[in-house]
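Structural characterization, general
For reference, the chains in residue letters:
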Amino acid sequence: MSDPASSPRSLAEALRARDDASLAVLLRARPDLITPVPTDLTQLATRAGTRASVIRALERLDRFALQTAEALAVAADPAPYDELLGLMAGDEGDPAVESALPRAVALLREQALVWGDDDRLRLVRTARELLTPSPQHPSPTGLGPTVREATAGMSPGRIQEIVTAAGLPSTHDAVSAVTSLTSLFTDRRRMAALLAGAPADSLEVLTRLIWGPPYGQVTADPAPRLRWLLDRGLLLPTAPGTVVLPREVALHLRGGHAHRATEPLPPAVEATATHRPQVVDATAAGQAYTALATVEELLKDWDEGGPAVLRAGGLSVRDLKRTAVALDVAEPVAAFWVELAYAAGLLASDGEADERYAATPAYDEWLEQPPDLRWARLAATWLTATRTPGLIGGRDAKDRTLSALGPGLDRSAAPGVRHRVLTLLAALPEGAAPGAESVLARLEWERPLRGPRTDDDLRSQLARWALAEAEMLGVTGRGALSAHGRALLGAPEARPHRHEEHPEGPGDKLPVHHRPAPTPVPLSPPEQAAAAARLLAPLLPAPLDHVLLQADLTAVAPGPLQRPLADMLGVLADVESKGGATVYRFTPGSVRRALDAGRSASDLHAFLSAHSRTPVPQPLTYLIDDVARRHGHLRVGAASAYVRCDDDALLNEILADKRAAGLRLRRLAPTVLAAQADPAALLDGLRAMGFAPAAESAEGDVLIARALAHRTPPRTAPEPVPEGPPVPDTTLLSAAIRAIRAGDMAATTPRRQPPPAGGELPRTSSAETLATMQAAVLTGEALWIGYVNAEGAASQRVIAPVRVEGGFVTAYDHTADEVRTYPLHRVTGVAELADD
C-alpha cells in the first residue's frame, strides 16, 4: 500500500510524476491535448478533463476498458483496486478478468482518464459525471443511485423507520442511519439473511430490476409485495409514484458484478472459408483489371463533356442512372466508381458557365502509366479517402438527398475503419476469408458505441462497405486479403514470393524457415503502394497487339488491347459485348465515324491488315470502300444551311424523299439545296436517310470532325477530412514536452518571495529589476520573471541571465530551452528562486 502523503493529490500532480516517454504516449493517444501546446502540466491536466476531450477519449476505448471506467464510476471515489476487481469479476472471481484488468487500468491511466495509486484509483471528474448513473442518463451497467444518494431528500423519521424494519438498531441522526443501512446492504451474509425472509413475489419484483433499468412505478397504495420492499429500503422512492433499486442491493443480487456480461477478451475473427493463396491472388487480380477497365470506360464516356453539375453540387439521379446503364452495373456500384475517380483526381467539374463534369489532365497522365501503377493509385486513394459512396441516396441532417460527387459525403472515420478491416483480414492465415458478422463483432468490441446500439450505426456500415469495396477493387479475392492487398496495407508478406522456390545457397547453414527473420522496416504509404504494384504486375494479363476479324463484320479481342489499338478500334467499331473477350461490330455509322475523324479508306485497310491475326474478311473490305466512296459526296454548310452536290439527280432523289419534309429543303440552283435547319440537324437528317454527307467550311473545305477530348483545367484531388487533430510526430512531441516541462518549472519553482495572489506576474521597479539581473549574471543564479511580449501576451519564465547591456538581458530561458534576448522594459518584475 502506498503512503498517502506520497500519493498524487490531483491529475496535474500525477502527470508531473510521469517521465517524458509516458507523456508522449498520452499526447499521441489524445492529440487534441497538444493543440495548442499547453503552457504547463496544470493546463494539460485541465485540458485533459474537459468534456469534449474526455468524450473523445472514451469513444476510443475498447469494450473492456470502457467497462472498467463504467465500474469505477459506480465504485467509491477513490476506489481501491480490489473493489474494482470485485465489480468486474464478481464475488466468485473470473481468471480472464483478473488477467486483463491490469492492462485496462494501465490504459486508462495512460490516457489520463484515471489517476492515483492502486489503493486510491480516481476517475477524472468529467468522466465520472458522464458515466455515473442518473435518471436522465442511465449507466450501461444498469445500476441506480446509492442508498445515500437515493435517501438525500428523505425525512429523518422515515429513514429511522426503514432502519428499524430492516432489523437494525435506531440511530441518533439520519447520516449514521444511512451508513448503517449501507453497511447492511453491502454485507453478503446479513443481506442473504434479510432476503431469506422475503415473500417470493417480492423477490420476483427485485429480479425484474436487477440488470436495469432500476426504476419502477408504484401506486399511492402499494401492493403488499412492494410494501415489504419499501419498508426495508430494498426499494426507495425517488419521486411520486417512482421507486428505485439501490445500487448496493442490485450488486448483492448480481453477485457483485457491475455488468451482466464482462468481455475481457476481444471476439476472434473466424474464417468461414479458406482458399489457396494463388486462387485468391488470381481472383483479386482479375477484379483489379476489371476496376481499371471500368474507370477507363466511365471517363471515356465523359470524354467530350460529362453530366451537368447540379446547382447544389453533385450528380443528378438521372445522370447516375444513365452512368450505371453505360457501365452495366448497379447504381450504388456506379456511384462508387464515380467517387473513386473523383477522389483520385481523375475527374472534376470544368468550372465553365455551363458547368459539367469531365476528365482532368491527370487522367491522361494516369492512362500512360502501366496497369499495376494505375491500380495502385486507385487502391491507395480508396484506403485514405473520407468520401463515402455508400451514403449516396440517403438524407443529410437537413433532410436533403445526398448525391454522388455532391457535398456531405465526407466521413472522417472511413479511412480508419477501412484500414482496421484490412488489418483484421491480414491477421488471418493466407487465403482465409472471414464472415462479415465476425469482423463487425470485433470492430464493435474495439470501439463500442456509447448508448443504445442501432442497426444502422455508421461504423458498422463503413465496415460492410469496406469489405464490399475491397472486393470490387481487387484488394481482396473471394473475401480473403490478397498478397498485393497485404503490401498495400504495409503488412509483412507471409510468402517471399508466390511462385518461386527459395533454394539454399552453398553457404547456408540453417533451413530457410529456421533462420531468424529480419526486423521489418516500416514503409511509407507511397512505398507500400509501389510494393503492391510490383506484386500485382505479374498477375495482370499482358496487353495484346491484335484482334481476330470475322466474316460477320465483328472483331474479337481475346484480352486487353494495347492502348493505341484499343483507341482506334473504339472509333472504327462499336462494342457489342464485354467480358473475358470483347466483341466489336463494324457498321456503316462506325466506319463513317472513323472517316469523319480524318482517316482515309486506305488507312483503315492498312490498320486492319496490321492488327488482325486472321485475313481481313471481304464483307468488311466492301463496307469500308462503300462508305468511303459515298463519304463527302454531299456537302453541308452554313447559309442557314445548304446542301451542295455536283450530281443533280442525287439532289432530286433527296427532294422526292418524304423523310426530308422536316428539313424544309428548297432548290436554289441545280447543284444547291437550301434548308431551314442548322447544319448539325441537316447532317443528322441526311445520315438518317442513308446518305453520307460531309460538313464543309465557309471556304468550301471539308471539315474533319475529330474526337477532341474535353478536359478540365488542372485540378487537385480532394483532401481527406481528418478525424480530429493529426497524431503528432516524434519531433513535435519532443518539442512540446520540453516546452510543457519548462513552463511547469516556471510555474512551480519555489521563490524566495511569495508569489503574487491570483497567479499575477511579479512586480518590481525598473531599478530593482536591473540590479537583480546584474547580480544574477555574477552569481549564475536562475530568476523567475514576468514578461509581456509585443502582442501583449503575458507569461512567466525561468531564466539564467548571461549578459545585461543596452537595455536588454541575454539569458538561457528554461521555459523555451534556448538562449534568448529580452528588452528590460517588457519585464514586469523579477524574483529570486529558493535555494532548494
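Quantities reported herein were computed from a predicted structural model and do not represent experimental measurements.

1. Brief notes about the nonpolar core
Core analysis: the biggest nonpolar cluster contains 92 residues, and Leu 15, Phe 185, Leu 234 and Leu 235 have the highest contact counts within it. For this core, the element with the highest residue contribution is helix H5 (residues 63-74), accounting for eight residues. What Leu 234 contacts, discounting residues up to four positions off in sequence, is Phe 185, Met 191, Leu 194, Leu 195, Leu 206, Trp 228, Leu 229, Val 244, Leu 245, Pro 246 and Val 249.

2. Some points on the sheet that holds strand E23 (residues 808-813)
In space, the five strands of this open sheet follow the order E24-E23-E22-E21-E25, with antiparallel pairing throughout. With partners counted over all chains shown, the strands left at the sheet margins are strand E24 (818-823) and strand E25 (827-832), one partner each. The mean angle between the axes of side-by-side strands here comes to 45°, regardless of whether they run parallel or antiparallel. Summarising the sheet, strand E21 (residues 783-788) and E25 pair through five bridges and their orientation is antiparallel. Note on E25: the bridge partner recorded for Ile 785 is Val 830. Relative to the sheet, helix H33 (residues 766-779) contacts E21, strand E22 (794-805), E23 and E25, its axis offset from that of E22 by approximately 65°.

3. Comments concerning the packing of helix H26 (residues 563-572) against helix H28 (residues 601-611)
Taken N-terminus to C-terminus, the directions of H26 and H28 make an angle of 130°; their axes are 12 Å apart at the nearest point. For the element pair H26 / H28, the angle class is oblique. Crossing of H26 against H28: the hand is left-handed. Between H26 and H28, the contacting residues are Leu 565, Met 568, Leu 569 and Leu 572 on the first element and Leu 604, Phe 607, Leu 608 and His 611 on the second. Looking at the contact of H26 with H28 residue by residue, the classes come out as seven nonpolar, one polar and no charged.

4. Points about the packing of aromatic side chains
One pass over the full model with this rule turns up four aromatic pairs. Each ring, one from Tyr 787 and one from Tyr 822, has its centre 4.8 Å from the other, and the planes form 65°; the classification is edge-to-face. Of this pair, Tyr 787 sits in strand E21 while Tyr 822 sits in strand E24, placing them 35 residues apart in sequence. For Tyr 822, a relative accessible area of 3% puts it in the buried group. When the ring centre of Trp 366 is taken as reference, the NZ or CZ atom of Arg 374 above it lies at 5.4 Å.

5. A word on the environment of Asp 574
Along the chain, the position of Asp 574 falls in strand E14 (residues 574-577). Taking the C-alpha atoms as reference points, Asp 574 and Ser 590, separated by 16 residues in sequence, lie 6.6 Å from one another. Sequence-distant contacts of Asp 574, that is, excluding residues within four places in its chain, are made with Val 583, Tyr 584, Arg 585, Thr 587, Ser 590 and Arg 593. Of the polar contacts made by the side chain of Asp 574, one reaches the side chain of Arg 593; its length is 2.9 Å.

6. Observations regarding unusual backbone geometry
Omega for the bond connecting Asp 77 with Pro 78 falls within 30 degrees of zero, at 0°, which places this linkage in the cis form. Cis geometry is found at the peptide bond from Gly 212 to Pro 213, where omega equals -5°. Here Pro 213 lies in the loop between helix H13 (200-209) and strand E3 (215-217). Of note in this structure, Asp 328 is not a glycine but carries a positive phi near 60°. Here Asp 328 lies in the loop between helix H17 (317-327) and helix H18 (331-343). According to the relative accessible area criterion, Asp 328 is exposed, its value standing at 65%. Backbone geometry places Asp 399, a non-glycine residue, at a positive phi of 65°.

7. A closer look at H5
Along its twelve residues, H5 runs 17 Å from first to last C-alpha, staying within 8% of the 16 Å computed at 1.5 Å per residue. With respect to burial, H5 is a largely interior element, twelve of its twelve residues being buried. Residues of H5 that are buried: Arg 63, Phe 64, Ala 65, Leu 66, Gln 67, Thr 68, Ala 69, Glu 70, Ala 71, Leu 72, Ala 73 and Val 74.

Quick notes on the rules
- Residues numbered from 1 in each chain as written.
- Predicted model: local features only at pLDDT ≥ 70, side-chain atom pairs only at ≥ 80, totals over all residues.
- Heavy atoms only, no water.
- Core = buried A, V, L, I, M, F, W, Y, C linked by side-chain atoms within 4.5 Å.
- Buried < 20%, exposed > 50% of the residue type's maximum accessible area, 1.4 Å probe, protein only.
- Helix = DSSP H or I, 4+ residues; strand = E, 2+ residues; numbered from the N terminus.
- Contact = heavy atoms within 4.5 Å.
- Pairing = 2+ DSSP bridges.
- Axes fitted to C-alpha atoms, helices over the stretch in contact; angles between N-to-C directions.
- Parallel < 35°, antiparallel > 145°, perpendicular 65-115°, else oblique.
- Left-handed = near helix turned anticlockwise from the far one by under 90°.
- Nonpolar A, V, L, I, M, F, W, Y, C, P; charged D, E, K, R; others polar.
- Phe/Tyr/Trp six-rings, centres within 6.5 Å; stacked < 30°, edge-to-face > 60°.
- Lys NZ or Arg CZ within 6 Å of the ring centre and 35° of its normal.
- Polar contact = N/O pair within 3.5 Å; in protein donor to acceptor, adjacent residues only side chain to side chain.
- Expected span 1.5 Å × (residues − 1).

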